[in-house]
Amino acid sequence: MEFINKYFELDKLGSNPKREFIAGLTTFFAMCYILFINPSVLAASGMDKGAVFTATALASALGCLIMGIFANYPIATAPSLSLIAFFAYTVCIGMKVKWQTALAAVFLASIIFILITVFKLRELIVDSIPNDLKFAISAGIGIFIAFLGLQNGKLVVSSASTLVTIGSFKDPAAWVTIFGLLVTIFLMIRQVPGAIFIGIVLSSIFSILVGQSKMPTSVVSLAPSLKPSFGQAIFHLGDINTVQMWTVVLTFLLVAFFDTTGTLIGLAHQAGLIDKDGKMPRIGKAMAADSTAMMAGSIIGTSPVGTYVESSSGIAAGGRSGLTAVWVGIFFLLSMFFSPLLSVVTTTVTAPALIIVGVLMAANLAKISWDKLEIAVPAFLIVIGMGLTYSIADGMALGLIVYPISMTAAKRTKEVSPMMWILAVVFVIYFLILNV
């Protein structure tokens, strides 16, 4: 126990093994839906559901373990939601690319990703972003995941006339969300340890009682075989031989790069792990974790792996060290044999946790210099952009493109680093690629 305390610096970070365990369990329950969503979506591309389920668990576990042991951050990894749909519907169905070739594209993107990380380009980019915009990124992620929670909980639904509107209270899913939200808020205000995790458990029970979730028919099952997808990314590297496929590689790279970079910044701010100079300690190691997991995931057979905003629920539960991520990794490994039990923890059940975490992360809005318009405009675009575009990368792009322009208008050009100008140009290219 003393070794664990010393290795993960628990005393220094103001945490303890019990708190880290609860935080890991909370994060896992907040994101374990990916074990069921990823196979369902990727099956549309022709991939084997069982193989994708196992690949998702293994790739997620690997990234979490590297993040925890190597980088000592309470941040979990799993296949990126924004890239799952792009992989299946845009690349495989829309472009009529075989899923094996799409995996090869992910593999190549991950190799470039690793090289960018090794040569510290990602670290240079993160350090060059001004503190005000880092606070905006953190708050924007809070708005994004709160919106995700409201949507998953059916409190906000799509509308043909207004894009979004209030959900129907005839839907039992909405009542599961309301129940979980009220219970968790009450527990958090009363400062009950593990409030978010307890809220998820009670919401799961309530969901079963109202018929929104079904009791599992069994508890334990064998993990499906990886044989249908394992190694296909390597075998089909030769298929990456057209301009179209290299565009796909570049898109995987850009979205993964900026999604995970933005998430890392936001979560590190939430956990209080940013130093006085606005820099993330061990950021290179943290970035190596998600890029390595992305490469491994492509080999065993899943879409790009990245850092997960749901890690914020574990951070809110007290997770401060890599031990939280290690526990998430262990739970992902165990999940391969307990998949029937996990089916109870639906996106509706975890929706209240996301909404509450959004509230906590929105506190960073108070740290932005709103009295300076040249800062306020790009910061606002980042915050509102993440929620309205449903993309962390797109929200960052809007703000970082405008930032050097607004600073120039305010005659503060000398304060804009060369990297910020480069980022603005890169994001313009990024938007052009996505639209073409």
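Cut-off values and rules
Residues numbered from 1 in each chain as written. Predicted model: local features only at pLDDT ≥ 70, side-chain atom pairs only at ≥ 80, totals over all residues. Heavy atoms only, no water. UniProt positions renumbered as here; feature names shortened; annotations may be inferred. Disulfide = S-S within 2.5 Å. Buried < 20%, exposed > 50% of the residue type's maximum accessible area, 1.4 Å probe, protein only. Pairing = 2+ DSSP bridges. Helix = DSSP H or I, 4+ residues; strand = E, 2+ residues; numbered from the N terminus. Phe/Tyr/Trp six-rings, centres within 6.5 Å; stacked < 30°, edge-to-face > 60°. Salt bridge = Lys/Arg side-chain N within 4 Å of Asp/Glu carboxyl O. Axes fitted to C-alpha atoms, helices over the stretch in contact; angles between N-to-C directions. Parallel < 35°, antiparallel > 145°, perpendicular 65-115°, else oblique. Left-handed = near helix turned anticlockwise from the far one by under 90°. Contact = heavy atoms within 4.5 Å. Nonpolar A, V, L, I, M, F, W, Y, C, P; charged D, E, K, R; others polar. Core = buried A, V, L, I, M, F, W, Y, C linked by side-chain atoms within 4.5 Å.

An unreviewed UniProt entry lists the chain under the name NCS2 family permease, with Lactobacillus leichmannii given as the organism. Recorded in UniProt for the chain, the comment headed Sequence similarities (unreviewed entry) runs: "Belongs to the nucleobase:cation symporter-2 (NCS2) (TC 2.A.40) family. Azg-like subfamily." UniProt, in the comment section headed Subcellular location (unreviewed entry), describes the chain in these words: "Cell membrane".

Two cysteines whose sulfur atoms are joined by a covalent bond form what is called a disulfide. Counted under the stated rule, the structure contains zero disulfides. In this structure C32 is not part of a disulfide, and its nearest cysteine sulfur, from C64, lies 12 Å away. On the basis of relative accessible area, C32 is assigned to the buried category, the value being 0%.

For the rest of this paragraph, the subject is the pairing of strand β3 (residues 163-166). Regular strands place side chains that alternate from one sheet face to the opposite one. Relative to β3, strand β2 (residues 156-159) runs antiparallel, the two sharing four bridges. The residue of β3 that forms the bridge with V157 is T165. Two successive antiparallel strands, β2 and β3, enclose a turn made up of three residues.

According to the stated counting rule, one finds 17 aromatic pairs in the structure shown. Each ring, one from Y7 and one from F8, has its centre 5.0 Å from the other, and the planes form 80 degrees; the classification is edge-to-face. The partly exposed category is assigned to Y7, whose relative accessible area is 38%. Ring plane angle 45 degrees and centroid distance 5.5 Å describe the contact between Y430 and F431, whose orientation is recorded as tilted.

We now examine the pattern of salt bridges. For the structure shown, the criterion picks out two salt bridges. A salt bridge links E374 to R412, with the shortest nitrogen-to-oxygen separation between them at 2.7 Å. In this pair, E374 sits in helix α19 (residues 373-389) while R412 sits in the loop between α20 (392-409) and α21 (418-435), placing the two residues 38 residues apart along the sequence. Owing to a relative accessible area of 15%, E374 belongs among the buried residues under this scheme. The exposure class assigned to R412 is buried, which follows from its relative accessible area of 18%.

With that settled, consider the packing of helix α9 (residues 131-152) against helix α18 (residues 347-361). Packing of α9 against α18 leaves a shortest axis separation of 7 Å and a crossing angle of 155 degrees. In terms of their interaxial angle, α9 and α18 are classed as roughly antiparallel. Our pair here, α9 against α18, has a crossing hand that is left-handed. Residues S138, A139, I141, G142, I145, A146, L148, G149, L150 and N152 of α9 touch α18, and the partners they reach there are T347, T348, A351, L354, I355, V357, G358 and M361. Partitioning the contact of α9 with α18 into residue classes produces eleven nonpolar, seven polar and no charged.

Another point: the nonpolar core. Counting residues in each nonpolar core, the largest one holds 113 residues, and the members touching the most others are F87, F252 and F332. If one sorts the elements of this core by residue count, helix α13 (residues 243-270) sits on top with 14 residues. In this structure, F332 is in contact with F28, M31, I34, L35, A57, S60, A61, C64 and T77, ignoring residues within four places of it in sequence. Among the nonpolar cores identified, the runner-up in size contains six residues, and A59, L226, A293 and V305 belong to it.

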